[in-house]
Amino acid sequence: MKTLREYIKEAEEKGVAIGHFNISNLEALHGIYAAAKKLNLPIIIGLSEGEESFVGREEGVALIHTFREQDNYPIFLNADHHKSLESVKGCIDAGFDAVIIDGSKLSFEENVKITKECVDYARAITKSTGRDILVEAELGFIGEGSNLKDTVPEGAGILTKPPEAEKFVKMTGIDLFAPSVGSIHGLIKSGKPHIDTELVAEIKKVTGVPLVLHGGSGLRDEDFTNATVAGISIIHINSEIRLAYEEAVKKFIAENPKEINPSKILQPAVDAIEKIVENRLKLFNHIP
Ligand SMILES: [Zn+2]
């Protein structure tokens, strides 16, 4: 099997993006995995700090490894938006394939410092174990929380400046870069965020590393396709999955108030997630 780095390189060359989907439970993982397998596409599963503490760090790794090994399938695990060096180190040690150190709220200098520490740690582990570990960092501010928002939160959506991005990537030696290019974390009720594809292309040119788009939930279809063509190689989706889960479970319980078997109650959520992920993966890969 190719490494995640090789799959990303391949996506970069093809002008498509690998889907990154977050989970909080096994049902979501089943839905996401079924969609990916149907389309035969590599996939990244994300665990944010909160999701990781709910699922369990070692348990999360065991789950992904089980899927990967039983089908020899390219499914990878990413520590999404981890904010401390300790937490990043813990995830690397546990067996995550990739980590995101999120220092986007820090000053430029502090962000560089903590990111560099994470890169150094990942490289040392690669040297001693041979495991390839990807480190991603973010510059600019995409907002926080995969949730429902009435409007764009204050301070979010500060676009990344290409010269700063270039400097940041050079100084840190990161493998993947998450710029702020118009999307916002969460689902925004009023006004759809819009991706600045010219900015994506410019940042791609000056940094020379694969770019990751966060806050993909709720974007227009053409934003996804344009973003991949402009240089985005991974796209994150979380809020849409959470919403689909919640709506499917709520509907089933309302319609079947006497049902108490979780495998029955949760099946519609698995199906709803599969549908969303299939749709998103097709867009990311220009599949009609
Ligand atoms: Zn994100």
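Residues numbered from 1 in each chain as written. Predicted model: local features only at pLDDT ≥ 70, side-chain atom pairs only at ≥ 80, totals over all residues. Heavy atoms only, no water.

A word on the side chain of glutamate 240
- Checked against the element boundaries, glutamate 240 lands in helix α10 (residues 239-255).
- Of the residues examined, glutamate 240 reaches a relative accessible area of 10% and is grouped as buried.
- Only 2.6 Å separates the side chain of glutamate 240 from the backbone nitrogen of glycine 218, close enough to count as a polar contact.
- Excluding residues that lie within four positions of it along the chain, glutamate 240 makes contacts with Leu187, Gly216, Ser217, Gly218, Ile276 and Arg280. (Helix = DSSP H or I, 4+ residues; strand = E, 2+ residues; numbered from the N terminus. Buried < 20%, exposed > 50% of the residue type's maximum accessible area, 1.4 Å probe, protein only. Polar contact = N/O pair within 3.5 Å; in protein donor to acceptor, adjacent residues only side chain to side chain. Contact = heavy atoms within 4.5 Å.)

Considerations on helix α5 (residues 85-94)
- In terms of residue burial, α5 counts as a mostly covered element, since seven of its 10 residues are buried.
- Burial in α5 covers these residues: Leu85, Ser87, Val88, Gly90, Cys91, Ile92 and Ala94.
- At its buried positions, α5 is contacted by α3 (49-55), α4 (57-71), β3 (75-82), β4 (98-101) and α6 (108-129).
- Taken from the residues just after α5, glycine 95 is the one with a positive phi, measuring 120°.

Structural notes on the coordination of the zinc ion
- For the zinc ion, every protein donor is listed as His81 (NE2), His185 (NE2) and His214 (ND1), and the spread of their distances is 2.0 to 2.1 Å.
- Spacing between the donor residues of the zinc ion along the chain follows H-x103-H-x28-H. Of this pair, histidine 81 sits in strand β3 while histidine 214 sits in the loop between β9 (211-213) and α9 (221-230); the two residues are 133 residues apart in sequence, bridging distant segments of the chain. When sorted by exposure, histidine 81 lands in the same class as histidine 214, which is buried. (Donors = N, O, S within 2.8 Å, 3.2 Å for Na, K, Ca; no water.)

Topic: the packing of α5 against α6
- One can describe the packing of α5 onto α6 by two numbers: an axis separation of 10 Å at closest approach and a directional angle of 20°. In terms of their interaxial angle, α5 and α6 are classed as roughly parallel. Seen from above, α5 lies across α6 with right-handed handedness. Contacts from Leu85, Val88, Lys89, Ile92 and Asp93 of α5 reach α6 at Ile114, Glu117, Cys118, Tyr121, Ala122 and Ile125.
- For the contact of α5 with α6, the class distribution of residues is eight nonpolar, no polar and three charged. (Axes fitted to C-alpha atoms, helices over the stretch in contact; angles between N-to-C directions. Parallel < 35°, antiparallel > 145°, perpendicular 65-115°, else oblique. Left-handed = near helix turned anticlockwise from the far one by under 90°. Nonpolar A, V, L, I, M, F, W, Y, C, P; charged D, E, K, R; others polar.)

Considerations on the packing of α10 against helix α11 (residues 262-284)
- Across the interface, α10 lies against α11 with an axial gap of 8 Å and an inter-helix angle of 145°. Crossing of α10 against α11: the hand is right-handed. Across the interface between the two elements, Glu240, Ile241, Ala244, Tyr245, Ala248, Val249, Phe252 and Ile253 from α10 touch Lys264, Ile265, Leu266, Pro268, Ala269, Ala272, Ile273, Ile276, Val277 and Arg280 from α11.
- Each residue belonging to the contact of α10 with α11 can be placed in one class, and the counts come to 15 nonpolar, no polar and three charged.

Examining the packing of aromatic side chains
- According to the stated counting rule, one finds six aromatic pairs in the structure shown.
- Residues tyrosine 33 and tyrosine 73 carry aromatic rings whose centres are separated by 5.3 Å and whose planes lie at 80° to one another, so their mutual orientation is edge-to-face. Residue tyrosine 33 is found in helix α2 (residues 26-39), and its partner tyrosine 73 is found in the loop between α4 and β3; the two are separated by 40 residues along the sequence.
- Its relative accessible area of 6% is what places tyrosine 33 among the buried residues.
- For the pair phenylalanine 108 and phenylalanine 168, a centre-to-centre distance of 6.0 Å together with 65° between the ring planes defines the contact as edge-to-face. (Phe/Tyr/Trp six-rings, centres within 6.5 Å; stacked < 30°, edge-to-face > 60°.)

Thoughts on the pairing of β4
- Alternating residues of β4 divide into Ala98 and Ile100 and Val99 and Ile101, and every residue in both groups is buried.
- Sheet topology places β3 next to β4; three bridges connect them, and they run parallel. Across the sheet, the residue bridging to asparagine 78 is alanine 98, located in β4.
- Viewed along the sheet, the connection from β3 through α5 into β4 turns out right-handed.
- Bridge count between β4 and strand β5 (residues 134-139): four bridges; the pairing is parallel. Following the sheet pairing, valine 99 is matched in β5 by valine 135. (Pairing = 2+ DSSP bridges. Right-handed = clockwise from strand over helix to strand, strands pointing away.)

What about the nonpolar core?
- Among the nonpolar cores identified, the biggest contains 67 residues, and Phe21, Ile32, Ile75, Phe177, Leu281 and Phe284 are the most heavily contacted of them.
- Contacts of isoleucine 32, omitting those with residues within four sequence positions, involve Phe21, Asn22, Ile23, Ile43, Ile45, Ile241, Ile273 and Val277.
- Formed by 14 residues, the second largest nonpolar core is a distinct cluster that contains Leu4, Ala11, Ala178 and Ile234. (Core = buried A, V, L, I, M, F, W, Y, C linked by side-chain atoms within 4.5 Å.)

Observations concerning α11
- In this model, α11 (23 residues) spans 32 Å end to end at C-alpha, consistent with the 33 Å of a helix rising 1.5 Å per residue.
- Inspection of α11 places Ile265, Leu266, Ala269, Val270, Ile273, Glu274, Val277, Glu278, Arg280, Leu281, Leu283 and Phe284 among the buried residues, and these make up the whole buried set.
- Along its buried surface, α11 packs onto β1 (18-22), α2, β2 (43-47), α9, β10 (232-237) and α10.
- Positive phi appears at histidine 286, one or two residues downstream of α11, with a value of about 55°. (Expected span 1.5 Å × (residues − 1).)

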